[in-house]
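Overview (structure and organization)
Take a look at the letters that make up each chain.
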Amino acid sequence: MNKETFDSEISEVTTAFLTAFDNLDWAQFNDFIADEATVFMPWPTFPNQLNGKSEIQNAFRSLFEEIPKTQEERPYLNLRPLDLTIQQIGSAGLVTFHLSEPDHFGRRTLIFEKRNDSWKLVHLHASNFYEQHKRKI
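A brief report on the enclosed structure follows.

To continue, consider the overall build of the chain. Of regular secondary structure, the chain possesses 3 helices and 6 strands. Along the chain, from the amino end to the carboxyl end, the secondary structure elements read α-α-β-β-α-β-β-β-β. In terms of overall size, the chain behaves like a compact globule, its C-alpha atoms giving a radius of gyration of 15 Å where 137 residues would be expected to give roughly 14 Å. With respect to the three principal axes, the spread of C-alpha positions in the chain is 40 × 35 × 30 Å. Within the chain, the fraction of its 137 residues that count as buried is 39%. A total of about 8,200 Å² of accessible surface is found on the chain, and carbon and sulfur atoms cover 49% of it. On the chain, the mean spot of the 14 positive side-chain charges and the mean spot of the 20 negative ones are 5 Å from each other.

Computed from the structure, the largest pocket encloses a volume of approximately 400 Å³. Contributing to the lining of the largest pocket are 21 residues, with Phe21, Trp43, Leu77, Leu79 and Arg108 lying nearest its centre. Listing elements by their share of the lining of the largest pocket, those giving two or more residues are helix 1 (3–22), helix 3 (53–70), strand 4 (92–100), strand 5 (105–115) and strand 6 (118–129). A breakdown of the residues in the lining of the largest pocket according to their chemical character gives 17 nonpolar, 2 polar and 2 charged.

Here we take up the environment of Glu65. As for its position among the elements, Glu65 is in helix 3. With 42 residues separating them along the chain, Glu65 and Asn23 place their C-alpha atoms 12 Å apart.

A cis amide bond links Arg74 to the next residue, Pro75, at an omega of -5°. Residue position: Pro75 is located in the loop between helix 3 and strand 3 (82–89). The phi angle at Asn78 is positive, at roughly 55°, despite the residue not being glycine. With respect to the helices and strands, the residue Asn78 is situated in the loop between helix 3 and strand 3. Unusually for a residue other than glycine, Asn116 sits at a positive phi of about 50°. Relative to the helices and strands, Asn116 is located in the loop between strand 5 and strand 6. For Asn116, a relative accessible area of 79% translates into the label exposed.

So, about the nonpolar core. Of all hydrophobic cores here, the largest spans 35 residues; its most connected members are Ile10, Phe17, Phe21, Phe60, Leu110 and Phe112. The residues contacting Leu110, other than those within four sequence positions of it, are Thr14, Phe17, Gly93, Leu94, Val95, Phe97, Leu121, His123 and Leu124.

Turning next to helix 3. Along its 18 residues, helix 3 runs 26 Å from first to last C-alpha, staying within 8% of the 26 Å computed at 1.5 Å per residue. On its buried side, helix 3 packs onto helix 1, helix 2 (26–32), strand 1 (33–40) and strand 2 (50–51).

Moving on to the sheet that holds strand 1. Across the sheet, which stays open at both edges, the 6 strands sit in the order 2-1-6-5-4-3 with mixed pairing between neighbours. The open sheet has two free edges, formed respectively by strand 2 and strand 3, since each of these has just one partner strand. With 4 bridges connecting them, strand 1 and strand 6 associate as parallel partners. Across the sheet, residue Thr38 finds its bridge partner in strand 6, namely His123. On the sheet, helix 3 packs against strand 1 and strand 2 and is oriented at approximately 55° with respect to strand 1.

How each quantity is defined
Residues numbered from 1 in each chain as written. Predicted model: local features only at pLDDT ≥ 70, side-chain atom pairs only at ≥ 80, totals over all residues. Heavy atoms only, no water. Helix = DSSP H or I, 4+ residues; strand = E, 2+ residues; numbered from the N terminus. Rg over C-alpha atoms; globule rule 2.2 N^0.38 Å. Buried < 20%, exposed > 50% of the residue type's maximum accessible area, 1.4 Å probe, protein only. Areas by Shrake-Rupley, 256 points an atom, 1.4 Å probe, with all protein chains shown as cover. Lys, Arg positive; Asp, Glu negative; His and termini not counted. Charge placed at Lys NZ, Arg CZ, Asp CG, Glu CD. 1 Å grid on protein atoms, 1.4 Å probe; cavity = no way out; pocket = protein on both sides within 12 Å on 5 of 7 lines; lining within 4 Å. Points joined across faces, edges and corners; volume = space filled by probe spheres on them. Nonpolar A, V, L, I, M, F, W, Y, C, P; charged D, E, K, R; others polar. Core = buried A, V, L, I, M, F, W, Y, C linked by side-chain atoms within 4.5 Å. Contact = heavy atoms within 4.5 Å. Expected span 1.5 Å × (residues − 1). Pairing = 2+ DSSP bridges. Axes fitted to C-alpha atoms, helices over the stretch in contact; angles between N-to-C directions.

Have a look at this one:
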């Protein structure tokens, strides 16, 4: 696959994944997660790496259930990736971006791998800065 096609596919899968997350669409979100995926969550309540789809589902389930109860319409999260970068590493796509929110600045890394003509998330690393995160964007 040439670089242009690869970048286009990774860009599309990233947008689709973030849209599912934004909308808290549990079924679509879960379709992206590989069975053996790993996740580092950005919150101190999850200090350790999550291993496997089951652990990841357990960590995200309450978020997907509770936020829609407090907001009337989608998108619930309104994720806006900044400084999005795509890198090809073999057959995997490495995606990095920032999130700038009123109370924190976030860094995100997603790794997607193509399997049977569909892209699966094999790793997500999320970290947040809460102290005076002033940054010119």
